Amino acid sequence: AQSVAQPEDQVNVAEGNPLTVKCTYSVSGNPYLFWYVQYPNRGLQFLLKYITGDNLVKGSYGFEAEFNKSQTSFHLKKPSALVSDSALYFCAVGMTTDSWGKLQFGAGTQVVVTP
Amino acid sequence: SQTIHQWPATLVQPVGSPLSLECTVEGTSNPNLYWYRQAAGRGLQLLFYSVGIGQISSEVPQNLSASRPQDRQFILSSKKLLLSDSGFYLCAWKRGDNSPLHFGNGTRLTVT
C-alpha cells in the first residue's frame, strides 16, 4: 500500500520569494509521483510528474520538483512565487506495478502568496 | 486533444432523493475512469474506478454506485441520498499507463 504526507496545512510566502511545498511518500516498490494544483470550485490541474530518470522534474507555470529516494520526498518548488500561485496543492503517488492506475493523494497544502 | 465534461456543476438535493452525475471523455478511447469525492475542500477519496465498459471497482462501501454504459461515459448514482453524501465530486480519466490523471471541473453536491 502507498501513502502520501503533506506535513504543512498552509504555506505563506511573499510574492517574489521562493516557494516550497513539502511531500513525503511511502510505497513498497517503485513509485510514480505527481503534483496537482486546485483553484476554488475547480478540478485538479496536473503540474508535473516523476516516473524515472532525472531527479529534478520541471513542470507547468515555472514549478519544479525534486525526487529524493533516500528521503522518500518529492518537494514542489518555484523560485519566485506569484500572487496567482495561491491555491491548494496536492501531491499524489502511484505504483508502477499497479495496472489500475490508482493514485493516493495527500491531504493538500494551501499556498497563500501575499503581494 | 482530450477533454472531460462533468455535469451538473452544482446540485442541491433533499435527503432520500436519487442522484445521477454524469461524466464523459472526448478525444480518447478506452480510458481508465475514476470518481473521487473531496470533503471539506481537502483530501480526495477514491470512490470507484473502471478500466472498461461494465467493469466497476469500488474502493469503499457506501450509499453510492457507479456505472459505465459506454466506453467514455461514467455515471455516479444513488437511490436515496444521505446528508453525508454532500461534497465535491470529481471525475477523472487517464490512459492505462503511468500517465497523469485528468480531472473534470467537479460537481458540488449539497444534500439538505
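Quick look at the structure, then. (Residues numbered from 1 in each chain as written. Chains lettered and ligands numbered in written order. Predicted model: local features only at pLDDT ≥ 70, side-chain atom pairs only at ≥ 80, totals over all residues. Heavy atoms only, no water.)

A separate point is the overall build of chain A. Secondary structure summary: chain A contains 0 helices and 12 strands in total. Secondary structure of chain A in N-to-C order comes out as β-β-β-β-β-β-β-β-β-β-β-β. For 115 residues, the compact-globule formula gives about 13 Å, and the C-alpha radius of gyration of chain A, at 14 Å, lands near that figure. Referenced to the eigenvectors of the C-alpha coordinate spread, the extents of chain A come out at roughly 45 × 30 × 25 Å. Across the 115 residues that make up chain A, the buried fraction comes to 45%. (Helix = DSSP H or I, 4+ residues; strand = E, 2+ residues; numbered from the N terminus. Rg over C-alpha atoms; globule rule 2.2 N^0.38 Å. Buried < 20%, exposed > 50% of the residue type's maximum accessible area, 1.4 Å probe, protein only.)

We now examine the state of the cysteines. Throughout the structure, instances matching the rule amount to 2 disulfides over all chains. One disulfide bridge connects Cys23(A) with Cys91(A), the sulfur atoms lying 2.0 Å from each other. Every disulfide takes its handedness from the sign of the S-S torsion; for Cys23(A) and Cys91(A) that torsion is -60°, giving left-handed. Placement of the pair is Cys23(A) in the loop between β3 (19–21) and β4 (24–26) and Cys91(A) in strand β10 (residues 87–95), with a sequence separation of 68 residues. Classification of Cys23(A) by relative accessible area gives buried; the value is 0%. Classification of Cys91(A) as buried rests on a relative accessible area of 0%. Bridging Cys23(B) to Cys91(B), the disulfide has an S-S length of 2.0 Å. The S-S bond linking Cys23(B) to Cys91(B) shows a torsion near -75°; that makes this disulfide left-handed. Of this pair, Cys23(B) sits in strand β3 (residues 19–26) while Cys91(B) sits in strand β9 (residues 87–94), placing them 68 residues apart in sequence. (Disulfide = S-S within 2.5 Å.)

Here we come to the pairing of β3(B). Residue and element names in this part refer to chain B. As paired strands, strand β1 (residues 3–7) and β3 are joined by 5 bridges and run antiparallel to one another. Among the inter-strand pairings, Trp7 is bridged to a residue of β3, identified as Glu22. Examined bridge by bridge, β3 and strand β8 (residues 73–78) share 6 bridges and lie antiparallel to one another. Bridging across to β8, Glu22 finds its partner in Ile75. (Pairing = 2+ DSSP bridges.)

Tallied over the entire structure, the rule returns 6 salt bridges over all chains. Of the charged contacts, one joins Glu64(A) and Lys58(A) as a salt bridge, the two residues approaching to 2.8 Å between their closest N and O atoms. The closest approach of N and O atoms between Asp85(B) and Arg37(B), which form a salt bridge, is 3.9 Å. Of the two residues, Asp85(B) is situated in the loop between β8 and β9 and Arg37(B) in strand β4 (residues 32–38); the sequence distance between them amounts to 48 residues. (Salt bridge = Lys/Arg side-chain N within 4 Å of Asp/Glu carboxyl O.)

Right, let's talk about the side chain of Thr109(A) for a bit. Turning to its location among the elements, Thr109(A) is positioned in strand β12 (residues 109–114). Judged by its relative accessible area of 0%, Thr109(A) is buried. Of note is the side chain of Thr109(A), whose polar atom sits 2.8 Å from the backbone oxygen of Glu8(A). Excluding anything up to four places from it in sequence, Thr109(A) contacts Gln6(A), Glu8(A), Asp9(A), Gln10(A), Val11(A), Val21(A), Ala87(A), Leu88(A), Tyr89(A) and Arg42(B). (Polar contact = N/O pair within 3.5 Å; in protein donor to acceptor, adjacent residues only side chain to side chain. Contact = heavy atoms within 4.5 Å.)

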